[in-house]
Amino acid sequence: MNGVEERIASGAEVGGDSAGVGAGGGLDGVGDSRRALGGFLRARRGRVAPEEVGIAGGRRRRVRGLRREELAQLAGISVDYYVRLEQGRATQPSPEVLDALAGALGLDTAERRHLDTLAGARRGPAPKARVSRLLQRVLGSLSQSHFPVFATNHRLDVVAWNALGAELTGGLGNPGRRDRNNARYLFLDPASRTVYPEWEDRAAEAVGQLRVAAGLYPDDAELAALISELSGHSPDFRRIWGTGEVVMCAAGRKRLRHPAAGLLTLDFETLHVPAEPGETGLVVHVFSAEEGTPEAASLARLAVGAHD
């Protein structure tokens, strides 16, 4: 396939880790938009230190972060209405209420967008984004130019990659070498902690992206099963999920460790290939190094080996 391989994915007011766990042991944010909204609000108020918003903390507080009544007061809404929001008994809050809650919680742009998604109680099937022949061709060409690339869907299944991308990220070309779901690889394969020196950051990104996907596609049974699997087998996943982490793919720099090339600091960019208007589609992750740097030389050497 011209250097590119492809795989299409089938189709309580207490502190602690309980913030992300709903009734019956399920995770807030999965399958039920009303409960997801309450779980997200509960997790986010748990991250706001009272002192940050002018409220005396004290040592006798039994609640991590803000109390319900404190957040309601900061947002200018009644305590009863806020409690009903957290419990999933109030639906479709107005934009004004959402603005007030977002301001009181200090939400960033991605978190505010996620709040809107949950409040809208979206239903519908998950997108069936496909890897086109054109995308395969582009990924193969980028490998020849020493750009490692891979593409993921909303479940973080790696559905396409080029040879250099496979080599750089732990061996995507060999299904026996590493799982082709990035979240499962991060949380269930100890080798991921060697490939990604800033493992905690990469893990938080994965959880944040899955939370966004769960809000957009609450009826996606495969996504819910993946999140349930990770929750059942990884205390780290449960811990990070409980923080209410929300992440949208962006750009920046990442460090990866390769057994032959050693530690590489690379620039990365994310490109979006939409499935349908309004759908997430595929995300193409592109790594690169500035010409003339040791990293660029390392990628050139890896590219030769990847195509042998």
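Predicted model only: the values in this text are computed from it and were never measured.

**Notes on the pattern of salt bridges**
Step number 1: According to the stated counting rule, one finds 20 salt bridges in the structure shown.
Step number 2: For the salt bridge of E205 with R202, the shortest nitrogen-to-oxygen distance reads 2.8 Å. In this pair, E205 and R202 are both assigned in helix α10 (residues 199–216), three residues apart and thus about one turn of the helix distant. Across the pair, R202 and E205 agree in class, each one buried.

**Some remarks on the side chain of E111**
Step number 1: Among the structural elements, E111 can be located in helix α5 (residues 109–119).
Step number 2: Of the polar contacts made by the side chain of E111, one reaches the side chain of R44; its length is 2.8 Å.
Step number 3: The residues touching E111, leaving out its near neighbours within four places in the chain, are F40, R44, G106 and V246.

**Thoughts on the packing of aromatic side chains**
Step number 1: Applying the stated rule across the entire model yields five aromatic pairs.
Step number 2: Aromatic rings pair up to connect F187, W199, F237 and W241 into one cluster.
Step number 3: In this arrangement the basic side chain of R193 is found over the ring face of W199, its NZ or CZ atom lying 3.6 Å from the centre.

**Remarks on the packing of helix α4 (residues 95–105) against α5**
A pair of packed helices is characterised by two quantities: the angle between their axes and the separation of those axes.
Step number 1: Closest axis-to-axis distance for the α4/α5 pair is 11 Å, and the angle between their directions is 140°. For the element pair α4 / α5, the angle class is oblique. α4 and α5 meet at a crossing whose hand is right-handed. From α4, P95, L98, D99 and A102 reach across to α5, where they touch R112, L115, D116 and A119.

**What about unusual backbone geometry?**
Step number 1: Here the phi dihedral of H146 falls at roughly 70°; this positive angle occurs in a residue that is not glycine.
Step number 2: Along the chain, H146 falls in the loop between α6 (133–144) and β2 (149–152).
Step number 3: With phi around 70°, L156 is a residue other than glycine that occupies positive phi space.
Step number 4: One can find L156 in the loop between β2 and β3 (158–162).

**Re α6**
Step number 1: Taking 1.5 Å per residue, twelve residues should reach 16 Å; α6 reaches 17 Å between its end C-alpha atoms and fits that length.
Step number 2: Looking at α6, one finds that the buried residues are L135, Q136, L139, G140 and S143. The buried residues of α6 all sit within an arc of 135° when viewed along its axis, so they share a single face. Along α6, the residues that are exposed and aim more than 90 degrees away from the buried face are R133, L134 and Q144.
Step number 3: Backbone geometry just after α6 places H146 at a positive phi near 70°.

**Considering the confidence of the model for the protein**
Step number 1: Of all residues in the protein, 85% attain a pLDDT of 70 or more, and the chain-wide mean is 84.
Step number 2: Element-level pLDDT for the protein is lowest in strand β1 (residues 4–6), with a mean of 42, against a maximum mean of 97 in helix α8 (residues 182–188).
Step number 3: Within the model, the stretch residues 1–19 combines pLDDT values under 50 with 53 contacts to residues more than four positions away or in other chains.
Step number 4: With pLDDT under 50 throughout, residues 21–25 is counted as low confidence; its partners more than four residues away or in other chains account for seven contacts.

**Here we look at the pairing of β2**
Working note: regular strand, side chains alternate between the two faces of the sheet.
Step number 1: Neither face of β2 is exposed, since V149 and A151 on one face and F150 and T152 on the opposite face are all buried.
Step number 2: Relative to strand β6 (residues 282–288), β2 is paired through four bridges, and the arrangement is antiparallel. From the neighbouring strand, T152 faces β6, where its bridge partner is V283.
Step number 3: Note: β2 against β3, three bridges, orientation antiparallel. Bridging from a neighbouring strand, A151 pairs with A160 of β3.

**Quick notes on the pairing of β6**
Step number 1: Burial within β6 is extensive, with seven of its seven residues counted as buried.
Step number 2: Burial along β6 is two-sided: the face carrying L282, V284, V286 and S288 and the face carrying V283, H285 and F287 are both buried.
Step number 3: Direction of pairing for strand β5 (residues 262–273) relative to β6: antiparallel, over a ladder of seven bridges. Looking across to β6, one finds that H272 is bridged to V283.

**Thoughts on the environment of L142**
Step number 1: Looking at where L142 falls in the secondary structure, it is placed in helix α6.
Step number 2: Residue classification places L142 among the partly exposed positions, given a relative accessible area of 23%.
Step number 3: Measuring from C-alpha to C-alpha, the distance between L142 and N162 comes to 7.8 Å, with 20 residues separating the pair along the chain.
Step number 4: Apart from residues no more than four positions distant in its own chain, L142 is found in contact with F147, V149 and N162.

Definitions and cut-offs
Residues numbered from 1 in each chain as written. Predicted model: local features only at pLDDT ≥ 70, side-chain atom pairs only at ≥ 80, totals over all residues. Heavy atoms only, no water. Salt bridge = Lys/Arg side-chain N within 4 Å of Asp/Glu carboxyl O. Helix = DSSP H or I, 4+ residues; strand = E, 2+ residues; numbered from the N terminus. Buried < 20%, exposed > 50% of the residue type's maximum accessible area, 1.4 Å probe, protein only. Polar contact = N/O pair within 3.5 Å; in protein donor to acceptor, adjacent residues only side chain to side chain. Contact = heavy atoms within 4.5 Å. Phe/Tyr/Trp six-rings, centres within 6.5 Å; stacked < 30°, edge-to-face > 60°. Lys NZ or Arg CZ within 6 Å of the ring centre and 35° of its normal. Axes fitted to C-alpha atoms, helices over the stretch in contact; angles between N-to-C directions. Parallel < 35°, antiparallel > 145°, perpendicular 65-115°, else oblique. Left-handed = near helix turned anticlockwise from the far one by under 90°. Expected span 1.5 Å × (residues − 1). Arc of directions from axis to C-beta. pLDDT = per-residue confidence, 0-100. Pairing = 2+ DSSP bridges.

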